Amino acid sequence: MGDYFSIERFLKLIPKIVPQLSVTFAIVIVSMVIGTLLALVVATLEIKKIPVLQQFLKVYVSYMRGTPLLVQMMVVYYGLPLLMQTIFKIDVNSWSPIVFVDIAFILNEGAFLGEIFRGAILSIPIEQTEAGYSIGMTGIQTFVRIILPQIIRSIIPAYGVDLIGVFHNTSLVFTIGGILDIMGKAKVLGTATGHTLDGYVVAALIYVLISLVLKIIFYRIDKKLVFERR
Amino acid sequence: MIEITGLKKSFGDNKVLKNINLKIEAGSVVSILGPSGSGKTTLLRCINFLERADEGNFQFGDQKINLKHVSKKEILSVRRKSGFVFQNYALFPHMTVLQNVMEGLVTVRKIPKAEACKKAEDTIKWVGLADRKDYYPSQLSGGQQQRVGIARAVALNPEVILFDEPTSALDPELVGETLDVIKKVAQTGITMIIVTHEMAFAERISDKVVFMDGGVVVEEGSPRDIFVNPKEERTQKFLSRFIQKDMYYI
């Protein structure tokens, strides 16, 4: 055991790996922010049931939910340059690998969060919209004042779970273009020192701690926002 | 004040309203009665454009609307002059009683918050729920929720309030308190159109009773005309179950 893992090496690795959290966080933030916007569009369009577009969205969602994220990342990383080259004659090979990862994550989130949003929107009774109209509100006022707050309240738990999922999924990004997130850094250090386990334990600890913090934050928000039920 | 002429409405092949003509005087209380599926709720919803009539003419005060080509602006203008009380209350669950009643005053009428709050509090007190103003709808009984629904409509000082079976979703012991509040609204002199199954109540409160069946107005008249001397056979048949019960109230 002694040779596989030592507390000394473990402690030494912490300051080397922790700074790479910025890379991980950047991916999480970009994919959550833009992914949420994309998901809102996806959910709204799905509910409107526009012919052709509806079928396209169905294929998109089932592809995103039916294939592993790792595969989706590979397809974007190797497929997008080809696509851009062939159709738009744009050479994107110089783009940072992070951009491809972000795109893959955003597309993935658009589908996953989109389904969450769609369910939340559909769960709000039509009378709520009518009640808004009946007191003289416009469609936009009704959405902003009546529907949206109810949607937000109902998706908070699922959104939190999804965010933690995205955070964990970032552990796949080092497979692309050698991105040094915490997982990538742990792997590189393990290879360099010949002691693989230490770095991964550090990474595992970081994942656990931050997941816990996120979980607590969302639990608190949920507690605070949920209006009295029953 | 409100005049409907030649109103027609179908859902697909199902003709729900066939040529409705109805006149409602300012300040009057009009009850619409009829069996389920007679189109009375649909008619009420058409008046507030929660349902779009297929054709017909609609006059609200001095505003004339062709129902076939109605604009968003016209719809909004009618809705801002009218209130609607829903069968299942349809309160905003994420807002307290006070916020529910304030919402229209602040967001639609653009009344300053302090003033809106005062007005809302007065209305809530008026429906007898002063001690519940900071509760959420889910913490109230059905009767209390419906009273909030009425307060929400009344606070906006509409010219007419439309009641869609306001007591149908309530437990029998809660119907009374709600009817009392509706009666209070009627006493303010506001124009009211009530779709209801509470025959005794309709008889006592209404200036005019409209009996609908199969998408047409079968008969209309004073409560006495309809309840005591109904001319049409369909009205007689429908009311036969209630007339005797009603006699106890008179």
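Our structure is the block above this text.
A brief look at the structure comes next. None of the values given here were measured: they were computed from a predicted structure.

### Comments concerning a nonpolar patch on the surface
Point 1. On the surface, a cluster of nonpolar side chains totalling about 530 Å² of accessible area is made up of F25, I29, V33, I34, L37 and L40 of chain A.
Point 2. Mapped onto the secondary structure, L37 of chain A falls in helix α2 (residues 21–48).

### Describing the packing of helix α1 (residues 7–17) of chain A against helix α9 (residues 196–225) of chain A
All names here are of chain A.
Point 1. Between α1 and α9, the least distance of the axes is 9 Å, while the angle of their chain directions is 60°. Taken together, the axes of α1 and α9 lie oblique to each other. Pair α1 / α9 crosses with right-handed handedness. Of α9, the residues touching α1 (which contributes R9, F10, L13, I14 and I17) are D198, G199, V201, V202, L205 and I206.
Point 2. Partitioned by chemical class, the residues of the contact of α1 with α9 number eight nonpolar, one polar and two charged.

### With respect to the pattern of salt bridges
Point 1. Under the counting rule described, the total for this entry stands at 13 salt bridges over all chains.
Point 2. We note a salt bridge from D198 of chain A to R9 of chain A, for which the minimum N-O separation is 3.4 Å. Separated by 189 residues along the polypeptide, D198 of chain A in helix α9 and R9 of chain A in helix α1 bring together distant segments of the chain.
Point 3. Measuring nitrogen to oxygen at the nearest pair gives 2.6 Å for the salt bridge that ties E130 of chain A to R45 of chain B. One end of the pair, E130 of chain A, is in helix α6 (residues 126–134); the other, R45 of chain B, is in helix α1 (residues 40–47), on a second chain. Considered together, E130 of chain A and R45 of chain B belong to a single accessibility category, that of buried residues.
Point 4. One connected set of salt bridges, linked through shared partners, spans E46, E115 and R118 of chain A.

### Details of the interface of chain B and chain A
Point 1. Each side of the interface is counted separately: chain B has 27 residues, and chain A has 21 residues.
Point 2. Summing both sides of the interface, chain B and chain A together bury roughly 2,000 Å²; the carbon and sulfur share of this comes to 60%.
Point 3. At the junction of chain B and chain A, the tally comes to two salt bridges.
Point 4. Applying the counting rule to chain B against chain A returns seven residue pairs in polar contact (both at pLDDT 80 or more).
Point 5. For the side of chain B that touches chain A, the elements supplying multiple residues, two or more each, are α2 (72–81), β6 (82–85) and α3 (97–108) of chain B.
Point 6. Per-element tally for the side of chain B that touches chain A: the top contributor is α3 of chain B, with four residues.

### Observations regarding unusual backbone geometry
Point 1. Even without being glycine, K49 of chain A reaches a positive phi, approximately 50°.
Point 2. By secondary structure assignment, the location of K49 of chain A is in the loop between α2 and α3 (53–66).
Point 3. Look at N157 of chain B: it is not a glycine, yet its phi comes out positive at around 50°.
Point 4. A residue is classified by how much of its surface remains accessible, and N157 of chain B, at 56% relative accessible area, is exposed.

### Structural notes on the sheet that holds strand β5 (residues 63–66) of chain B
All names here are of chain B.
Point 1. The sheet built from four strands is open, its strands ordered β2-β1-β4-β5 with antiparallel pairing. Taken across any chain shown, the strands that pair with only one partner, and hence form the sheet edges, are β2 (14–24) and β5. With strand direction ignored, the average angle separating the axes of adjacent strands in the sheet is 15°.
Point 2. In the sheet, strand β1 (residues 2–11) pairs with β2 via seven bridges, with the strands oriented antiparallel. What sits directly across from E3, in β2, is K23.
Point 3. Against the sheet, α1 engages β1, β2 and β4 (55–60), with an angle of about 120° to β1.
Point 4. Where α2 meets the sheet, it contacts β4 and β5, and its direction lies at approximately 130° from that of β5.

Cut-offs applied
- Residues numbered from 1 in each chain as written.
- Chains lettered and ligands numbered in written order.
- Predicted model: local features only at pLDDT ≥ 70, side-chain atom pairs only at ≥ 80, totals over all residues.
- Heavy atoms only, no water.
- Patch = residues over 30% accessible without salt bridge, like charges linked within 9 Å, V, L, I, M, F, W, Y side chains within 5 Å.
- Areas by Shrake-Rupley, 256 points an atom, 1.4 Å probe, with all protein chains shown as cover.
- Salt bridge = Lys/Arg side-chain N within 4 Å of Asp/Glu carboxyl O.
- Helix = DSSP H or I, 4+ residues; strand = E, 2+ residues; numbered from the N terminus.
- Axes fitted to C-alpha atoms, helices over the stretch in contact; angles between N-to-C directions.
- Parallel < 35°, antiparallel > 145°, perpendicular 65-115°, else oblique.
- Left-handed = near helix turned anticlockwise from the far one by under 90°.
- Contact = heavy atoms within 4.5 Å.
- Nonpolar A, V, L, I, M, F, W, Y, C, P; charged D, E, K, R; others polar.
- Buried < 20%, exposed > 50% of the residue type's maximum accessible area, 1.4 Å probe, protein only.
- Buried area = accessible area lost by both parts, 1.4 Å probe.
- Polar contact = N/O pair within 3.5 Å; in protein donor to acceptor, adjacent residues only side chain to side chain.
- Pairing = 2+ DSSP bridges.

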